[in-house]
Amino acid sequence: MILPEPAPSGRVVAVRSGPAAAFLPHALPVLAVTGLAKEGRLAAGPGVAAIGAGGNPQRLRNLLAGRTQPGCRAVVSIGIAGGLDPDLLPGDVVIASGVQADGRRYDADATVAEALLARLSRPGLKVLSGDLAGVDAAVLSLDGKADLWARTGAAAVDMESHVAAAFAERHGLPFAAIRVVCDPAHRALPAFAAQALKPNGEPDILAVLAALARGSAKVGGLVRLARDSKAAFGSLARCRALLGPGLGVPAVQEALREVA
């Protein structure tokens, strides 16, 4: 059963209840931070509360600021990303060792990152550990990606992980990120892509059609983007299935048992 639960921001998120939700009795959920609506739908599940802001980092900051009490036991940024490492292809998975943004670095929780790597290291999935770069504006061009790669050495870039990491740090919560490469380092994104989302994170089909009409988008580019997106979301869906309840974040009791 899916019950609507009002988030502190007033936004309604879906939280499942029933036998599957009882894997951690009385435990707080893991907060899944996403950009696209499709990412949020994939992330949702037992022990997970999903929040997203349609690829708008400032809107995401505002939503998270409304959570004066975090209401979660950990924060996980999950979704797709742009590739910066030239060796990465659509569908490759990056488990963040940290997030670099605005001249500083947020460390990922090592215990959680190791647990995620262990769950996702399966045949047919390329999974690696590396830094993510966090940005407030989409990096569309090849030169932009190359410059960010040279400056940070980050494997991939997205627009939510740095906001999620800052929120986790403010509240003293474990942070992790799972990001799947969509557009690789050698592929530029069309200029309209930054405006092709509605505020709720759903694709703005009218904006895409308008870009085609203006000539700022080409059919070939859209076909390549669709192919890359299919590969990325295919990997993300497989990751989600492997992660299971609570996005695979160990309970405190589990983490203590492993250390003992």
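Here the structure is a predicted model, which is why all the values come from computation and not from measurement.

## Re unusual backbone geometry
Reasoning step 1: Here Asp102, not a glycine, exhibits a phi torsion of approximately 55°, which is positive.
Reasoning step 2: Relative to the helices and strands, Asp102 resides in the loop between strand E6 (93-101) and strand E7 (104-107).
Reasoning step 3: Despite not being glycine, Leu247 shows a phi value in the positive range, around 55°.
Reasoning step 4: Within the secondary structure layout, Leu247 lies in the loop between helix H7 (219-243) and helix H8 (252-259).
Reasoning step 5: Among the residues examined, Leu247 registers a relative accessible area of 0% and is labelled buried.

## Things to note about the nonpolar core
Reasoning step 1: If you look at the biggest cluster of nonpolar residues, it comprises 30 residues, and the most contacted ones within it are Leu31, Val33, Leu64, Val75, Leu132 and Phe175.
Reasoning step 2: Counting residues per element, the ones that place at least two in this core are strand E3 (30-34), strand E4 (48-52), helix H2 (57-65), strand E5 (74-83), E6, helix H5 (161-170) and strand E10 (175-181).
Reasoning step 3: With 6 residues, H5 is the single largest residue contributor to this core.
Reasoning step 4: Sequence-distant contacts of Leu64, defined by excluding residues within four places in its chain, comprise Leu31, Ile51, Val163 and Phe167.
Reasoning step 5: Membership of the second largest hydrophobic core comes to 29 residues, among which are Val93, Val112, Val180 and Phe233.

## Focus: the environment of Leu42
Reasoning step 1: With respect to the helices and strands, the residue Leu42 is situated in helix H1 (residues 37-43).
Reasoning step 2: In sequence terms Leu42 and Phe233 are 191 residues apart; their C-alpha atoms lie 9.2 Å from each other.
Reasoning step 3: Those residues in contact with Leu42 that sit more than four places away from it in its chain are Phe233, Leu236, Ala237 and Arg240.

## A short note on the pattern of salt bridges
Reasoning step 1: Tallying each qualifying case throughout the model produces 10 salt bridges.
Reasoning step 2: Arg151 is the salt-bridge partner of Asp147, the closest N and O atoms lying 2.8 Å from each other. On the criterion of helical spacing, the pair formed by Asp147 and Arg151 is a turn pair, its members being 4 residues apart in helix H4 (residues 142-152).
Reasoning step 3: On the basis of relative accessible area, Arg151 is assigned to the exposed category, the value being 56%.
Reasoning step 4: With its nearest N and O atoms 2.9 Å apart, the salt bridge here joins Arg187 to Asp228. With Arg187 in the loop between E10 and helix H6 (205-214) and Asp228 in helix H7, the pair connects residues that are 41 residues apart, well separated along the chain.
Reasoning step 5: Each of Arg105, Asp107 and Asp131 takes part in one network of salt bridges that share partners.

Thresholds applied
Residues numbered from 1 in each chain as written. Predicted model: local features only at pLDDT ≥ 70, side-chain atom pairs only at ≥ 80, totals over all residues. Heavy atoms only, no water. Helix = DSSP H or I, 4+ residues; strand = E, 2+ residues; numbered from the N terminus. Buried < 20%, exposed > 50% of the residue type's maximum accessible area, 1.4 Å probe, protein only. Core = buried A, V, L, I, M, F, W, Y, C linked by side-chain atoms within 4.5 Å. Contact = heavy atoms within 4.5 Å. Salt bridge = Lys/Arg side-chain N within 4 Å of Asp/Glu carboxyl O.

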